[in-house]
Amino acid sequence: MRFRVAPYLAFAKKAFAREATYRMEVFTNVGSLLARLYLMKMVWVALYAQNAAPAGVPLHAIITYTAIALLMSLVLEIDGTRIIRDRVREGSIATDLMKPINLPLYFFSDGFGQTLLHAVLIVPSLLLALFIVRIDVPSPFVLLAFALSFALGYVVNFLMNFLMNAIAFWTLETFAIQLIIRWVSDLLGGQIVPLIFFPGFLQQIVLALPFAAVYSTPLLIYLGKIPPSAYAAAFATQLAWTAGFAILATFVWRGALQRVVVQGG
Amino acid sequence: MPIIETRELRKVFRSVKRTPGAGGALKTLFSREYVDKVAVTGVTMALDAGELVGYIGPNGAGKSTTIKMLTGILVPTSGEVRVAGIVPYAKRSENARNIGVVFGQRSQLYWDLPLIESFELLRAIYDVSPQRYRENMDYFTELLEMSDFLNTPVRQLSLGQRMRGDFAAAMLHDPRVVFLDEPTIGLDVVAKEAIRNFIAGVNRERGTTFILTTHDLADVERLCRRIVLIDRGTLIFDGAIETLRDGYGTHRTLVVELCAPETHVEVDGAEAELTTPTIARFRFDRRTMSAEALVRRVTERYAVSDISIEEPELESIIRRIYREGYVTEPDGEPAAT
């Protein structure tokens, strides 16, 4: 059948509008972001007062890193695929399957619409953040590379969330698993501490994990710790994770569908 | 050519056998023993376009399993199924364009957004042309009296309003077949009647085929000429409601209002009962006694101010079939319980 983009644009638009109805939550998000930024700044200032800059990252750079990581989290912490878990538990996945749509794409569009609303908040949050900290701004070329890497990280993040929520097809309850993975991925993804601060051997491991593709790669590009000569390799790694997870997600989705259509959900 | 056709449609669910207790739970974790549960056993039926059929059966009879196979979200274990010429599970998306679904217990509207936004979303999903969308919106808005709450967020709607919204949502893309699952559950009498009128109206004016699954037999009595009864996965009756009534409803009740109060009433050939001193009920078997003869006997004996005859309710017939199973030649036992 002919593929049409219109329904998916509509899904994204509706998700955007739906998210906007929760105004309080949106403002609390920004507030919590600023509070976290202030605390992180205090922590880094205190730590740097005692030690020499690790891995050649000066104080202003680490504060920039922290601020950008927090701004990225506005978008990356939105679990757009939570809808899978909810709909499987409510059983409304059956009604979704009765529509002439591609469901994973529907989930992606819905998640993207939600993300977009929160992405809009980045600009005011950034301006407010400037009252708390000073942020380094790299060259437009680096910014462009950062944006591209961020986009790839977003897709990797989406696919990881998709896989986690798809567990709901088998267990119905995914919250505990997700909480653990969220903590691990925040730490090992470099959202809190740059991965280049990890000791040698551990650093090799965490940089090789998929979590690094979400936060660490774009952030290190922003900071200049991944130089332009290494961009190709960095993007290739992110793309490889995207492809790997996409293939895995396809299999998991097929298995999930099989479960619904054969076992009746 | 029938719009819905099934042949020997069968669905068997296979689940892991669970042993009770903690040891049992551990055992299920490692060993896999399966239990087969037959949900639908060889259902064969054909529905013509424009029919309005009641699909009835007790809980767990296999109704929703059948509907799921017709909507393409469940693959049959064996047998054939076609909806508007399409094998639903093989071409789920294509089938989806031909069908509409309304669940009384589950809304497909966007909870947080104004009702109209859900319609716009469905317009995009089904690629309804702007002109057809306008026509349908006008038609449904008028028929379902939705103009007052089109811009209200769905979560603020009353159940009756929400159901009306769900009906419009299910039919915006002009489906040829619409599946209704308990569409009037929880509604008050006025809202129920509005929904029933709507279904009857659309069926008449647009020739849409409806399959109505419900436990509210008043819906069926009001809307359907034909009913299909399923029990324990097997079709036990498929035909006109009258046929069911004729076969089962051998008894009628003559209700008589008396001019003077009585303490005891009696007439040959009928069981008499006084519900109040001036209202008497005579149950009679219409195969051995005609209503006309009974009326004559009653009026010979008593001064009567009003008379009416009660038909057996579909509900009591169905109740009896659930209890005793369907028999083609039922005996003269009373249908009412």
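Residues numbered from 1 in each chain as written. Chains lettered and ligands numbered in written order. Predicted model: local features only at pLDDT ≥ 70, side-chain atom pairs only at ≥ 80, totals over all residues.

J.: Would you mind showing me how to read the overall build of chain A here?
T.: Counting its regular elements, chain A contains 14 helices and zero strands. Going residue by residue from the N terminus, the α and β elements of chain A occur as α-α-α-α-α-α-α-α-α-α-α-α-α-α. The globule rule puts the C-alpha radius of gyration for 265 residues at 18 Å, and the 20 Å found for chain A is close to it. Its C-alpha atoms give chain A principal-axis dimensions of about 60 × 40 × 35 Å. Looking at chain A as a whole, 37% of its 265 residues qualify as buried. Long-range contacts, defined as pairs at least 24 residues apart, comprise 83% of the intrachain contacts of chain A with a sequence gap of at least 6. (Helix = DSSP H or I, 4+ residues; strand = E, 2+ residues; numbered from the N terminus. Rg over C-alpha atoms; globule rule 2.2 N^0.38 Å. Buried ≥ 20, exposed ≤ 12 C-beta atoms within 10 Å, placed from the backbone. Contact = placed C-beta atoms within 7 Å.)

J.: What is the right way to read the overall build of chain B from this model?
T.: Across its full length, chain B carries eleven helices and 13 strands. Across the 337 residues of chain B, 35% fall into the buried class. Contacts spanning at least 24 positions in sequence make up 69% of the contacts within chain B whose residues lie at least 6 apart.

J.: It is not clear to me how the nonpolar core should be interpreted in this structure. Could you clarify?
T.: Soluble globular proteins tend to pack their nonpolar side chains together in the buried interior. Residues B:V53 and B:L212 are the most contacted members of the largest nonpolar core, which totals 129 residues. The leading source of residues in this core is helix α3 (residues 59–76) of chain A, at twelve residues. Non-local contacts of B:L212, meaning those with residues more than four positions away in its chain, are made with B:L52, B:V53, B:G54, B:Y55, B:L180, B:D219, B:V220, B:L223 and B:C224. Among the nonpolar cores identified, the runner-up in size contains eight residues, and B:V256, B:A270, B:A280 and B:V298 belong to it. (Core = buried A, V, L, I, M, F, W, Y, C linked by C-beta atoms within 7 Å.)

J.: What is the right way to read the interface of chain A and chain B from this model?
T.: Often the size quoted for an interface is simply the accessible area lost on bringing the parts together. On the side of chain B, 27 residues touch chain A, which itself brings 22 residues to the contact. Mapped onto the side of chain A that touches chain B, the elements with two or more residues apiece are α1 (6–20), α5 (93–97) and α14 (231–263) of chain A. If you tally residues by element for the side of chain A that touches chain B, the top one is α1(A), at six residues. Residues that form the side of chain A that touches chain B fall into these classes: 13 nonpolar, five polar and four charged. (Nonpolar A, V, L, I, M, F, W, Y, C, P; charged D, E, K, R; others polar.)

J.: Would you explain the sheet that holds strand β12 (residues 279–285) of chain B in this entry?
T.: Two pairing modes exist for strands in a sheet, parallel and antiparallel, and in both the strands are linked by backbone hydrogen bonds. Residues and elements named next belong to chain B. If you trace the four strands from one edge of the open sheet to the other, you get β11-β12-β10-β13, paired in antiparallel fashion. The open sheet terminates on both sides in strands that have one partner only, identified here as β11 (271–276) and β13 (304–310). Within this sheet the neighbouring strands show an average axis-to-axis angle of 20°, counted without direction. The sheet contact formed by β11 and β12 spans five bridges and is antiparallel. Bridging across to β12, E271 finds its partner in R283. (Pairing = 2+ DSSP bridges. Axes fitted to C-alpha atoms, helices over the stretch in contact; angles between N-to-C directions.)

J.: Just checking my understanding: could you explain the confidence of the model for chain B for this structure?
T.: Do not read the fine detail of predicted coordinates wherever pLDDT is low. Residue and element names in this part refer to chain B. Predicted confidence across chain B gives a mean pLDDT of 88, with 93% of residues reaching 70 or more. In this model residues 331–337 is a low-confidence stretch, pLDDT under 50, and it forms 19 contacts with partners more than four residues away in sequence or in other chains. Per the prediction output, this complex has pTM 0.81; the corresponding ipTM is 0.79. (pLDDT = per-residue confidence, 0-100.)

J.: So what exactly am I meant to see when it comes to helix α2 (residues 63–71) of chain B here?
T.: An α-helical turn contains 3.6 residues, so any two residues separated by three or four positions project in the same direction. Residues and elements named next belong to chain B. Counting buried positions over the nine residues of α2 gives eight, a clear majority of the element. Within α2 the residues assigned to the buried category are K63, S64, T65, T66, K68, M69, L70 and T71. Within two residues after α2, G72 carries a phi angle of roughly 90°, on the positive side.

J.: Honestly, the packing of helix α8 (residues 140–166) of chain A against helix α13 (residues 216–223) of chain A in this entry has me stumped. Any pointers?
T.: A pair of packed helices is characterised by two quantities: the angle between their axes and the separation of those axes. All names here are of chain A. It is at 8 Å that the axes of α8 and α13 come closest, and there the two elements cross at 175°. As summarised for this structure, α8 and α13 are arranged roughly antiparallel, according to the angle between their axes. Across from V142, A145, F146, S149, F150 and G153 in α8, the residues of α13 making contact are T217, P218, I221 and Y222. Across the contact of α8 with α13, the residue classes tally to seven nonpolar, three polar and no charged. (Parallel < 35°, antiparallel > 145°, perpendicular 65-115°, else oblique.)

J.: How should I be thinking about the sheet that holds strand β3 (residues 52–56) of chain B in this particular structure?
T.: Residues and elements named next belong to chain B. The strand order across the open sheet formed by six strands is β5-β6-β7-β3-β8-β9, and the pairing between neighbours is mixed. Sheet topology places β5 (99–103) and β9 (234–240) at the edges, where each strand pairs with a single neighbour. The mean angle between the axes of side-by-side strands here comes to 15°, regardless of whether they run parallel or antiparallel. In this sheet, β9 lies alongside strand β8 (residues 226–231) in antiparallel orientation, the contact comprising six bridges. If you follow I230 over to β9, its bridge partner there is L235. α2 rests against β3, β5, β6 (177–181), β7 (209–213) and β8 of the sheet, and its axis sits at about 155° to β6.

J.: Mind showing me how you'd approach the pairing of strand β10 (residues 251–258) of chain B here?
T.: All names here are of chain B. The sheet contact formed by β10 and β12 spans seven bridges and is antiparallel. Looking at the pairing, T253 lines up with R283 of β12. Examined bridge by bridge, β10 and β13 share six bridges and lie antiparallel to one another. What sits directly across from L258, in β13, is V304.

J.: Mind showing me how you'd approach the environment of B:P261 here?
T.: Residue and element names in this part refer to chain B. With respect to the helices, strands and loops of the structure, P261 is situated in the loop between β10 and β11. Assessed through the 10 C-beta atoms surrounding it within 10 Å, P261 is described here as exposed. In this structure the C-alpha to C-alpha distance between P261 and T278, which are 17 residues apart in sequence, comes to 4.7 Å. If sequence neighbours within four positions are ignored, P261 has contacts with P277 and T278.

J.: Would you explain the domain arrangement of chain B in this entry?
T.: Assigned domains within chain B: domain 1 (4–244) and domain 2 (250–310). Computed from C-alpha atoms alone, the centre-to-centre distance between domain 1 of chain B and domain 2 of chain B is 44 Å. (Domains from an automatic or database assignment.)

J.: Would you mind going over helix α5 (residues 130–143) of chain B with me for this structure?
T.: Here α5(B) contains 14 residues, and its C-alpha end-to-end distance of 20 Å stays within 8% of the 20 Å for a straight helix at 1.5 Å per residue. B:E145 occupies a position one or two residues after α5(B) and carries a positive phi of about 50°. (Expected span 1.5 Å × (residues − 1).)

J.: I keep staring at unusual backbone geometry and nothing clicks. Help me out?
T.: Residues and elements named next belong to chain B. In the Ramachandran plot, E182 falls in the positive-phi region, its phi being about 50° despite a non-glycine side chain. Its place among the elements puts E182 in the loop between β6 and α7 (189–206). Overall, the presence of 17 C-beta atoms within 10 Å leaves E182 in the partly exposed class. One non-glycine residue, R232, lies in the positive phi region at around 45°. Tracing the sequence through the fold places R232 in the loop between β8 and β9.

J.: Explain the environment of B:E315 to me, please; I cannot follow it from the model alone.
T.: Residue and element names in this part refer to chain B. Tracing the backbone shows E315 in helix α11 (residues 314–324). On the basis of neighbour count, E315 is assigned to the partly exposed category, with 16 C-beta atoms found within 10 Å. Measuring from C-alpha to C-alpha, the distance between E315 and D216 comes to 8.6 Å, with 99 residues separating the pair along the chain.

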